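Topology and contacts: notes
In case you want the letters, here they are:
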Amino acid sequence: MTATTEVPGIVVTGVSGRMGQMLVRLVLENPETRLVGALVREGHDWVGRDVGEAMGGAPVGVIVSDDAVSVIAKAQAVIDFTTPNATVAYAELTAQARAVHVIGTTGLDQAQLDYLNAAARHAPIIRAGNMSLGVNLLVGLTRKVAAALGEDWDIEIVEAHHRHKVDAPSGTALMLGEAAAEGRGKALADLRVPGREGITGAREAGSIGFAAIRGGDVVGEHDVIFAGAGERVVLRHLATDRAIFARGAIRAAIWGQDKGPGEYDMDDVLGLN
Ligand SMILES: NC(=O)C1=CN([C@@H]2O[C@H](COP(=O)(O)OP(=O)(O)OC[C@H]3O[C@@H](n4cnc5c(N)ncnc54)[C@H](OP(=O)(O)O)[C@@H]3O)[C@@H](O)[C@H]2O)C=CC1
Ligand SMILES: O=C(O)C1=N[C@H](C(=O)O)C[C@H](O)C1
């Protein structure tokens, strides 16, 4: 990591992506952050161009690169919303640079999560399947409602996203499912029922079901349904602007500046613990 200044230098990965572009805009706008690097995958056709121009706007003085080693060496924080494989590779370089790694990428498997756990021995990793304030509040509410309602209240989680999303259930749906299971003092792995099809048999008491809808430009919608006899409680979050995720990630990058190595989440950043 280069010498720390008051305003942390941020590297954004995957700047050609939906979240990458939103992050570049908001890091540049934020007086508490500086954009010091813009990364894309190797050989991307944006390499060598000013990131502002590549995004269709005015130049901002930061050149897009695919040289992750030298770009991450300049970072105090790396904000990363890409793919599981890319995130694992960036984690190694970010840990070597002793920079804060803020990870929004979803769909990581257990081996990839274990890898991040090892990287977090060298520098802080802040990871959440959803970086918005609203969803992180909803996670706490879900835990409480699940604890308050008995097993005769069936829990189902329904999520909707845009047609380009590649993973299901969403990272947010899994966070909500984990909170619901915790509220009942159980592990989600023991209760989880993925999308149903065919002759499934009747619903197993205490299970937590997941359903995913994909279409159009839906930013992200999540319902946690508690279905009882004669009534239902529905906790809902609707995202209408990706800026909510980017703002949370930038807040995490700033928050992480004085933290030691370890794994953190948005509850830590937002003080919800
Ligand atoms: N935690 C949260 O709050 C949120 C999480 N997300 C998650 O963030 C991730 C990205 O979402 P979104 O921006 O919509 O997706 P996009 O597909 O728009 O962007 C992904 C970016 O990653 C880049 N990329 C793909 N493979 C590699 C690689 N091997 N090395 C380097 N870069 C690579 C893509 O480059 P290329 O264009 O060349 O393929 C692209 O720039 C998803 O996992 C999503 O679920 C999204 C929103 C909020
Ligand atoms: O891919 C997305 O777009 C989103 N992904 C995250 C998830 O998997 O929950 C967060 C948000 O819902 C948008």
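Since the model is a prediction, treat every value here as computed from it, not as a measurement.

1. Side note on the sheet that holds strand 2 (residues 34-39)
Read across the sheet, seven strands follow the order 3-2-1-4-5-6-12 without closing on themselves; strand pairing throughout is parallel. Strands with a single pairing partner mark the edges of an open sheet, and in this sheet they are strand 3 (64-65) and strand 12 (262-264). Most of the contacts of helix 4 (residues 84-96) go to strand 4 (residues 77-80), to which it runs at about 175°, and overall it touches strand 4, strand 5 (100-103) and strand 6 (124-127).

2. Comments concerning the site of ligand 1
For ligand 1, the set of nearby residues contains 23 residues, the closest of which are Gly14, Gly17, Met19, Ala86 and Gly104. Mapped by element, the contributors of at least two residues to the shell around ligand 1 are helix 1 (18-29) and helix 4. Among the elements that take part in the shell around ligand 1, helix 1 stands out by supplying three residues, more than any other. When its residues are assigned to classes, the shell around ligand 1 shows six nonpolar, 15 polar and two charged.

3. Digging into the packing of helix 1 against helix 9 (residues 243-255)
With their axes 9 Å apart at the nearest point, helix 1 and helix 9 run at an angle of 60° to one another. Here helix 9 runs oblique to helix 1, going by the angle between their axes. The two elements helix 1 and helix 9 cross, and the hand of that crossing is right-handed. Where helix 1 approaches helix 9, its residues Met19, Met22, Leu23, Leu26 and Val27 are matched on the opposing element by Ala243, Phe245, Ala246, Arg247, Ala249 and Ile250.

4. A look at the pairing of strand 6
Side chains Pro124 and Ile126 of strand 6 all project onto a buried face; the interleaved residues Ile125 and Arg127 project onto the opposite face, where all are buried too. Judged from the three bridges that link them, strand 5 and strand 6 form a sheet pairing that is parallel. Across the sheet, residue His101 finds its bridge partner in strand 6, namely Ile125. With respect to chirality, the unit in which strand 5 leads through helix 5 (residues 110-119) into the neighbouring parallel strand 6 is right-handed.

5. With respect to the site of ligand 2
The local shell around ligand 2 consists of Thr106, Gly129, Asn130, His161, Lys165, Ser170, Gly171, Thr172 and Gly220. Residues belonging to the shell around ligand 2 are distributed by class as follows: no nonpolar, eight polar and one charged.

6. Examining the sheet that holds strand 9 (residues 208-214)
By way of backbone hydrogen bonds, the strands of a sheet pair with one another, either parallel or antiparallel. A sheet is described by the order of its strands in space; here five strands give the open sequence 8-9-7-10-11, paired in mixed fashion. Strand pairing shows two members of the sheet lacking a second neighbour, strand 8 (192-193) and strand 11 (232-239), which therefore form its edges. Alignment of strand 7 (residues 154-161) against strand 10 (residues 220-227), held across seven bridges, turns out to be antiparallel. Note on strand 10: the bridge partner recorded for Ile155 is Phe226.

7. Comments concerning the confidence of the model for the protein
As a general rule, the predicted coordinates of low-pLDDT regions are not to be interpreted in detail. In the predicted model, the protein carries a mean pLDDT of 97, and 98% of its residues have values of at least 70. At the level of chain-chain contacts, confidence expressed as ipTM amounts to 0.99, with global pTM at 0.97.

8. Here's the deal with the UniProt feature "binding site: (S)-2,3,4,5-tetrahydrodipicolinate" (unreviewed entry) in the protein
According to UniProt, the positions carrying the feature "binding site: (S)-2,3,4,5-tetrahydrodipicolinate" (unreviewed entry) are His162, Gly171 and Thr172. Gly171 gets classed as buried once you count the C-beta atoms within 10 Å, which come to 21. Apart from the residues lying within four places of it in its own chain, the contact partners of Gly171 are Thr106, Gly129 and Asn130. Structurally, the position occupied by Thr172 is in helix 7 (residues 171-183). With sequence-adjacent residues up to four places away left out, Thr172 is seen in contact with Gly129, Asn130, Val135, Glu159, Gly220 and His222.

Conventions adopted
Residues numbered from 1 in each chain as written. Chains lettered and ligands numbered in written order. Predicted model: local features only at pLDDT ≥ 70, side-chain atom pairs only at ≥ 80, totals over all residues. Pairing = 2+ DSSP bridges. Helix = DSSP H or I, 4+ residues; strand = E, 2+ residues; numbered from the N terminus. Contact = placed C-beta atoms within 7 Å. Axes fitted to C-alpha atoms, helices over the stretch in contact; angles between N-to-C directions. Near = placed C-beta within 6 Å. Nonpolar A, V, L, I, M, F, W, Y, C, P; charged D, E, K, R; others polar. Parallel < 35°, antiparallel > 145°, perpendicular 65-115°, else oblique. Left-handed = near helix turned anticlockwise from the far one by under 90°. Buried ≥ 20, exposed ≤ 12 C-beta atoms within 10 Å, placed from the backbone. Right-handed = clockwise from strand over helix to strand, strands pointing away. pLDDT = per-residue confidence, 0-100. UniProt positions renumbered as here; feature names shortened; annotations may be inferred.

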